[in-house]
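Tertiary structure, described
Each chain is listed here by its residues.
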Amino acid sequence: MIDIIIADNQVLTREGLKATLSGIIDIKIAGYIAHGAELHQMLTAINPVVVLIDPNYNHRLTAEDITAIRSNYSSARILVLSNRKSKAEITALLDLGIKNYVSKECSKEELVRAIYATAKGEQFFCTQTFEVLFGGKLIAQNGDLITHLSPREKELVYLIADGLTNKEIAEKLFLSVHTIKTHRKNIIKKLGFTFKNVAELAHLLKRA
């Protein structure tokens, strides 16, 4: 069972999440928080697996609350659920160590996958979040656009971001140029990613 706490100042959002997740048998909403002052008491009493939080809404829940959760409740994993579409705001949260971010406009299926991924300690960004970060549509079968890559494919992204050519990557990894080209095609197929912003993708991968 995945016990979650919903930290959101909006009553309708809390009620909507309750209705959305009520039919998921292995997800339990164990409590609600509307203000950062309630965090300590609630997290201590419940010890949730996942904290679903919308920070910086009317300053009742803030980035400082996220920092407090990470510092004092290391067993609780954080999933940000927000309607903010500013790349700067999202990046600021990533700099705090956030690995899981979904938009309030995402589908129920993506939200549920995000909760499962967060509970397992995996990284998850919804499709809309990637569109904000990269400025273009990215497509993946499961919506999990980072963990969908294999370890070798992630390694390739780093090397491409470093400016290495296919031949240089092949020599470094002791593989053929043909194999490197095949990996590149697979990455593009999985992510719908053209490597235009590969350095930024590599930066996100390092946060995982």
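Here, every reference points to the structure presented above.
An account of the accompanying structure is given in this report.

Conventions adopted
- Residues numbered from 1 in each chain as written.
- Predicted model: local features only at pLDDT ≥ 70, side-chain atom pairs only at ≥ 80, totals over all residues.
- Heavy atoms only, no water.
- Helix = DSSP H or I, 4+ residues; strand = E, 2+ residues; numbered from the N terminus.
- Contact = heavy atoms within 4.5 Å.
- Areas by Shrake-Rupley, 256 points an atom, 1.4 Å probe, with all protein chains shown as cover.
- Axes fitted to C-alpha atoms, helices over the stretch in contact; angles between N-to-C directions.
- Parallel < 35°, antiparallel > 145°, perpendicular 65-115°, else oblique.
- Left-handed = near helix turned anticlockwise from the far one by under 90°.
- Nonpolar A, V, L, I, M, F, W, Y, C, P; charged D, E, K, R; others polar.
- Salt bridge = Lys/Arg side-chain N within 4 Å of Asp/Glu carboxyl O.
- Buried < 20%, exposed > 50% of the residue type's maximum accessible area, 1.4 Å probe, protein only.
- Core = buried A, V, L, I, M, F, W, Y, C linked by side-chain atoms within 4.5 Å.

Scanning the protein from terminus to terminus reveals ten helices and six strands. Summarising the internal contacts of the protein: among those between residues at least 6 apart in sequence, 63% fall at separations of at least 24. Within the structure as shown, the protein displays about 10400 Å² of accessible surface, and the carbon and sulfur contribution to it stands at 52%.

At a closest axis distance of 11 Å, the pairing of helix α7 (residues 151-161) and helix α8 (residues 166-173) adopts a crossing angle of 130°. By the angle between their directions, the pair α7 and α8 is classed as oblique. In this structure, α7 crosses over α8, and the sense of that crossing is right-handed. Across the interface between the two elements, Arg152, Glu155, Leu156, Leu159 and Ile160 of α7 pack against Ile169, Lys172 and Leu173 of α8. Residue classes in the contact of α7 with α8 are distributed as five nonpolar, no polar and three charged.

This part covers the pattern of salt bridges. Under the criterion given, the structure shown has five salt bridges. Ionic pairing is found between Asp54 and Lys104, a salt bridge with its closest N-O pair at 2.9 Å. With a gap of 50 residues between them, Asp54 in the loop between β3 (50-53) and α3 (63-72) and Lys104 in the loop between β5 (100-103) and α5 (108-119) connect regions that are remote in the sequence. Between Glu155 and Arg152 there is a salt bridge; the shortest N-O distance is 2.8 Å. With Glu155 and Arg152 both in helix α7, this residue pair falls three residues apart, about one helical turn. Judged by its relative accessible area of 31%, Glu155 falls in the partly exposed class. When its relative accessible area of 31% is taken as the criterion, Arg152 is described as partly exposed. Each member of the salt-bridge network shares a partner with another, and the members are Asp8, Asp54 and Lys104.

Glancing now at the nonpolar core. Ranked by internal contacts, the top residues of the largest apolar core, which has 22 residues, are Leu43, Ile53, Ile69 and Val80. Breaking this core down by element, the ones donating at least two residues are β1 (2-7), α2 (39-46), β3, α3, β4 (77-82), α4 (87-94) and α6 (127-134). Judged by nonpolar contacts, the second largest core, of 21 residues, contains Ile4, Leu17, Val112 and Cys126.

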